[in-house]
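Residue-level listing of the chains:
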Amino acid sequence: MPASPSTARAINDRLALRLLQQDGPLTAAQLKTLTGLSRPTVADLVERLQGAGLIRVVGEAGAERRGPNARLYGIAADRAHLAALDVRTGSVAVVVADLLGATLAEATLPIGTDTGTEAAAEQAAALLARTAREAGAGPLHSVGIGAPGLIDPVTGDLRDTTGLPAWHRRLVRVLQQRLPATVLVENETNLAAVAEHRGGAATDRDTFVLFWLGHGVGAAVMLDGKLRRGASGGAGEIGFLPVPGIPGTPSALNCDGGFHALVGSAPVCELAAAHGIAVPPGTAEGDKEPGAAVAVRAALAGEGDGEGFLDALAGRLALGAAAIAAVLDPGCVLLAGEVGHAGGDALAARVEERLTLMSPLRTEVRAGRLGGAAVLRGALLTAREAAQDELFTPAG
């Protein structure tokens, strides 16, 4: 059944906008070639999108300016402003961007563990407001938030999770109440997977599992290009995975007897010390760079028994990867976060070698490219998509 004229216009407009985002700026003739639409149809949609304030003339093509046919059209990047927040246990990072995702301003604020829930939420909200002003942004259209913990798959709310600061949930509510923007919250590891998929180490993979290796450990599951969150939003809570070599088992309240006890930053720092690699005090916990990342870099630089340490760490990581491979067969595991980024291809190759001995399922192991910045980038991508989903569907 053919589409109605209004539906066809909406489809054509959206196609043109996507092309202008990916390949722009473009002339009307280039849009005609790329869309396969007729010249009159392209002329109509250009006029329509200009009238909606979504595109504008940004220059002319070629060395010689030839009038209307040489006009280059681009997305009106200032049509909407976006924000992203990376909310950690003791800090919050903020970036404000335009509709194309170009950064306009950014800031980071430490938040002490002794700060009350209300005060911490207010400090974080004030940081966002201040950064938006510095960016010269009008009212924010969409805000993406990355936070540790479980996201309710039905309501989209950040659930109350033991051991995580209460101000995280309070901040989300404050922003939802005060801002005219769409406020979206997502698990930090899931956002890292989105970022690595769109512009990192997994751009050629629609199915993979990401291990976030920082102070703790988490996983994100991407199947057929879509995040899989599970029935309760807990898919990827791999820190609770029971593994050999750890006394006891994890409980519903903590993961001390699980995979976290092997590959969290604190136990990895202990492993490093056992191999003669010194880790600065105070880096095992908190929002500083994880001590495990420091240890991995030191090992790669030749400190202590670096080879033995990296081999032992790779063996630990392969245990979790083998469990994931047996259940999901993702074909690719990404070692992301600060520790995965520090280990790079050298650590990934060691993990893949040991995984090959444990599992009959061929699984490539790669290093993430984005390091600790992946969460903020993923949150910005989420905000940008929300804005574009609404704005890139012109009425009429």
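Shown above is the structure to which this text applies.
Let me begin by describing the structure that accompanies this report. (Residues numbered from 1 in each chain as written. Predicted model: local features only at pLDDT ≥ 70, side-chain atom pairs only at ≥ 80, totals over all residues. Heavy atoms only, no water.)

What about the pairing of strand E8 (residues 208-213)?
Working step 1: Across the 6 residues that make up E8, a large majority, 6, are buried.
Working step 2: Neither face of E8 is open: one carries Phe-208, Leu-210 and Trp-212, the other Val-209, Phe-211 and Leu-213, and all of them are buried.
Working step 3: Pairing geometry for E8 and strand E9 (residues 217-223), over 6 bridges, is antiparallel. Paired with Phe-211 across the two strands is Ala-219, which belongs to E9.
Working step 4: Hairpin connection, E8 to E9: the antiparallel pair is bridged by 3 residues.
Working step 5: Relative to strand E11 (residues 332-336), E8 is paired through 4 bridges, and the arrangement is parallel. Each bridged residue has a counterpart across the sheet, and for Val-209 the counterpart in E11 is Val-333. (Buried < 20%, exposed > 50% of the residue type's maximum accessible area, 1.4 Å probe, protein only. Helix = DSSP H or I, 4+ residues; strand = E, 2+ residues; numbered from the N terminus. Pairing = 2+ DSSP bridges.)

A few points about helix H9 (residues 291-300)
Working step 1: Of all 10 residues that make up H9, 8 are buried, and the element is covered over most of its length.
Working step 2: Those residues of H9 that sit buried are Gly-291, Ala-292, Ala-293, Val-294, Ala-295, Val-296, Ala-298 and Ala-299.
Working step 3: At its buried positions, H9 is contacted by helix H8 (265-274), helix H10 (306-328) and helix H11 (337-358).
Working step 4: Following H9 by one or two positions, Gly-302 adopts a phi angle in the positive range, close to 100°. (Contact = heavy atoms within 4.5 Å.)

Overview of the pattern of salt bridges
Opposite charge on two side chains allows them to pair when their charged atoms are near.
Working step 1: Following the criterion strictly, the structure yields 19 salt bridges and no others.
Working step 2: Glu-338 serves as the salt-bridge partner of Arg-88, at 3.3 Å between the closest nitrogen and oxygen. Taken as a pair, Arg-88 in the loop between strand E3 (81-87) and strand E4 (91-98) and Glu-338 in helix H11 lie far apart in primary sequence, 250 residues in all. Neither residue differs from the other here; Arg-88 and Glu-338 are each classed as buried.
Working step 3: Measuring nitrogen to oxygen at the nearest pair gives 2.2 Å for the salt bridge that ties Glu-385 to Arg-198. Here Glu-385 is found in helix H12 (residues 374-391), whereas its partner Arg-198 is found in helix H6 (residues 188-199), with 187 residues between them in sequence.
Working step 4: Relative accessible area serves as the criterion here: at 44%, Arg-198 is assigned to the partly exposed category. (Salt bridge = Lys/Arg side-chain N within 4 Å of Asp/Glu carboxyl O.)

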